[in-house]
Amino acid sequence: MDFALILTLQVVVAIATIILFSIGLAIIFGMMRVINLAHGEFMMIGAYGAVKSYEAGLNLWIAMLVVAPLVAAFFGLIVERILIRHLYGRLIDTLLATWGLSLFTVGVVTMIFGNTTSAVPTPLGTLRIGDYGLGQYNLVIVAVTVVVVALVAIVLKRTSAGVLARATMQNPEMIAALGYNPRRIYAATFAIGSALAGLAGGLLAPLTGVIPAMGVAFVAKAFITVISGGAAIILGTGTAATIYGAISQSVTYASTSVLGEASLFLAAIILLRLLPNGFAGRFFKGGV
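To start, this report covers the structure provided alongside it. Treat the numbers as computed from the prediction; the structure is a model and nothing was measured.

Take the overall build of the protein next. When you go through the protein residue by residue, the secondary structure sums to 12 helices and 2 strands. Along the protein, helices (α) and strands (β) appear in the sequence α-α-α-α-β-β-α-α-α-α-α-α-α-α when read from the amino end. Relative to the compact-globule value of 19 Å for 288 residues, the protein shows a C-alpha radius of gyration of 19 Å, a close match. On the principal axes, the C-alpha backbone points of the protein span a range of 65 × 45 × 35 Å.

Next up, the structure:
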């Protein structure tokens, strides 16, 4: 019983983690159709924002939950204004441009902070379940992920700003004819997606440590999750993350973490072969 409970909690944590570092990309790629290969670097910028503000004396929770997303949002806004705004609708160009941005960002951060691992302490203690233990901070990540997903769903579906953003991505000419500025809406949406990536980086910093190349470990899984999810940001990404997280964590428990990662990618290959348009194209047409 204890083993089953701890395994269930680990699976839930794995699912929440995948959703957390994928939801920002789901907005930037799923909504805006921008292939952002620098998504991992947006996470890294947020993580460094949390680490450096904590080292400067700021409260750890404020550093992770406030500073990290704000720093990444500001960075994303600059990138959108200078680079991305000229490339909307040009998928291959955004792929190449953000790949170059990724390499440039890693290089600059390495020059500034070096290539050593920075870290912040992991808050809270260990939750004991029989002979097994689970860090209580993992449950915080689950709680934050639930709140983030709920807020994104409410904003996109229940607010005029969310409806306007979705409409702009589909028909910017019509939105411009109605008197709105599509460029500002694009910039705000990109900044929000960047902020969510930064939030993920800040929250994962205590668990993974922070180095300039940390984004490499997340960007492939984020893209796989978002592509598998399809056009439905919440339903599609959530479904894909649930399947991949459950498979990866279960295989990790049964064997090793390496095989767990391999099983995730194998599951992605099979699912994308069976559902080339993602879960949204098959099950959640018209869903958010």
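So, on to the pattern of salt bridges. For the coordinates displayed, the defined rule picks out 4 salt bridges. Measuring nitrogen to oxygen at the nearest pair gives 2.8 Å for the salt bridge that ties Glu-80 to Arg-81. For Arg-81, a relative accessible area of 31% corresponds to the partly exposed category. Measuring nitrogen to oxygen at the nearest pair gives 3.3 Å for the salt bridge that ties Glu-261 to Lys-221. Taken together, the residues Glu-261 in helix α11 (residues 257-274) and Lys-221 in helix α9 (residues 216-229) connect sequence positions 40 residues apart. Owing to a relative accessible area of 30%, Glu-261 belongs among the partly exposed residues under this scheme.

Angle between the axes and distance between the axes: these two values describe a pair of packed helices. At their nearest, the axes of α9 and helix α10 (residues 233-254) sit 7 Å apart, and the two run at 125° to each other. Here α9 is positioned oblique relative to α10, judged by the angle of their axes. Considering the relative orientation of α9 and α10, their crossing is right-handed. Side by side, α9 and α10 meet where Ile-224, Thr-225, Ser-228 and Gly-229 of the first sit next to Gly-236, Thr-237, Ala-240, Ala-241 and Tyr-244 of the second. Class assignment for the residues of the contact of α9 with α10 results in 4 nonpolar, 5 polar and no charged.

Remark: helix α2 (residues 39-55) packs on helix α3 (residues 60-82), axes separated minimally by 7 Å, with the N-to-C direction vectors making an angle of 135°. Of the possible angle classes, the one that applies to α2 and α3 is oblique. Pair α2 / α3 crosses with right-handed handedness. Two secondary-structure elements touch here, α2 through Phe-42, Ile-45, Gly-46, Gly-49, Ala-50, Ser-53 and Tyr-54 and α3 through Leu-60, Ala-63, Met-64, Val-67, Ala-68, Val-71, Ala-72, Phe-75, Gly-76 and Val-79. By residue class, the composition of the contact of α2 with α3 is 13 nonpolar, 4 polar and no charged.

For the rest of this paragraph, the subject is the side chain of Ser-263. Relative to the elements of secondary structure, Ser-263 occurs in helix α11. Judged by relative accessible area, which is 13%, Ser-263 ranks as buried. At 2.6 Å, the side chain of Ser-263 forms a polar contact with the backbone oxygen of Gly-260. With near-sequence residues (within four places) excluded, Ser-263 lies in contact with Ile-247, Ser-248 and Val-251.

All right, on to the environment of Glu-55 then. Along the chain, Glu-55 falls in helix α2. Residues Glu-55 and Val-120, 65 residues apart in the sequence, show an inter-C-alpha distance of 8.3 Å.

So, on to the nonpolar core. A general trend in soluble globular proteins is that nonpolar side chains are found buried together. Counting residues in hydrophobic clusters, the biggest one holds 74 residues, and the most contacted among them are Phe-21, Met-31, Val-152, Phe-190, Ile-233 and Tyr-244. Residue contributions to this core peak at 13 residues, all from helix α1 (residues 2-31). In this structure, Val-152 is in contact with Ile-23, Ile-27, Leu-196 and Ile-234, ignoring residues within four places of it in sequence.

Turning to unusual backbone geometry, a few remarks are in order. The general pattern is negative phi for most residues beyond glycine and trans for most peptide bonds. A positive phi is found at Arg-33, a non-glycine position, where the angle reads about 60°. Within the secondary structure, Arg-33 sits in the loop between α1 and α2.

A few words on α9. The terminal C-alpha atoms of α9 lie 21 Å apart, and with 14 residues this matches the ideal 20 Å at 1.5 Å per residue to within 8%. Counting buried positions along α9 gives 10 out of 14 residues, so the element sits mostly inside the fold. For α9, the full list of buried residues reads Phe-218, Val-219, Lys-221, Ala-222, Phe-223, Ile-224, Thr-225, Val-226, Ser-228 and Gly-229. Looking one or two residues beyond α9, the residue adopting positive phi is Gly-230, at roughly 85°.

Analysis parameters
All residue numbers refer to position in the chain's written sequence, counted from 1. Totals for whole chains, interfaces and linings use all residues, but because this is a predicted model, local features are given only for residues with pLDDT of at least 70 and pairs of side-chain atoms are given and counted only at 80 or more. Hydrogens are left out, water is left out, and the side-chain values use all remaining heavy atoms of the structure. Numbering of helices and strands starts at the N terminus; helices are DSSP runs of H or I of at least 4 residues and strands are runs of E of at least 2. Values of the radius of gyration come from C-alpha atoms, whereas the globule rule sets the reference at 2.2 Å times the count of residues to the power 0.38. Any Lys or Arg side-chain nitrogen found within 4 Å of a carboxyl oxygen on Asp or Glu counts as a salt bridge. Burial classes follow relative accessibility: with a 1.4 Å probe on protein chains only, a residue under 20% of its type's maximum area counts as buried, one over 50% as exposed, and anything between as partly exposed. To obtain each axis, a line is fitted to C-alpha atoms, and for helices this fit is confined to the stretch in contact; angles are then taken between N-to-C directions over 0 to 180 degrees. To sort the angles, those under 35 degrees are grouped as roughly parallel, those over 145 as roughly antiparallel, those from 65 to 115 as roughly perpendicular, and the leftovers as oblique. The crossing is said to be left-handed when, going from far helix to near helix, the turn is anticlockwise and less than a right angle, and right-handed when the turn is clockwise. Residue contacts follow a heavy-atom distance rule, with two residues in contact if any of their heavy atoms lie within 4.5 Å. Only Asp, Glu, Lys and Arg are considered charged, only Ala, Val, Leu, Ile, Met, Phe, Trp, Tyr, Cys and Pro nonpolar, and every remaining residue, Gly among them, polar. Counted as a polar contact is a pair of N or O atoms within 3.5 Å, where, for protein atoms, one must be capable of donating a hydrogen and the other of accepting one, and residues adjacent in sequence contribute only when both atoms are in side chains. For the purposes of this section, nonpolar cores are sets of buried Ala, Val, Leu, Ile, Met, Phe, Trp, Tyr and Cys residues that join through side-chain atoms within 4.5 Å. Helix span, as expected, comes to 1.5 Å for every residue beyond the first.

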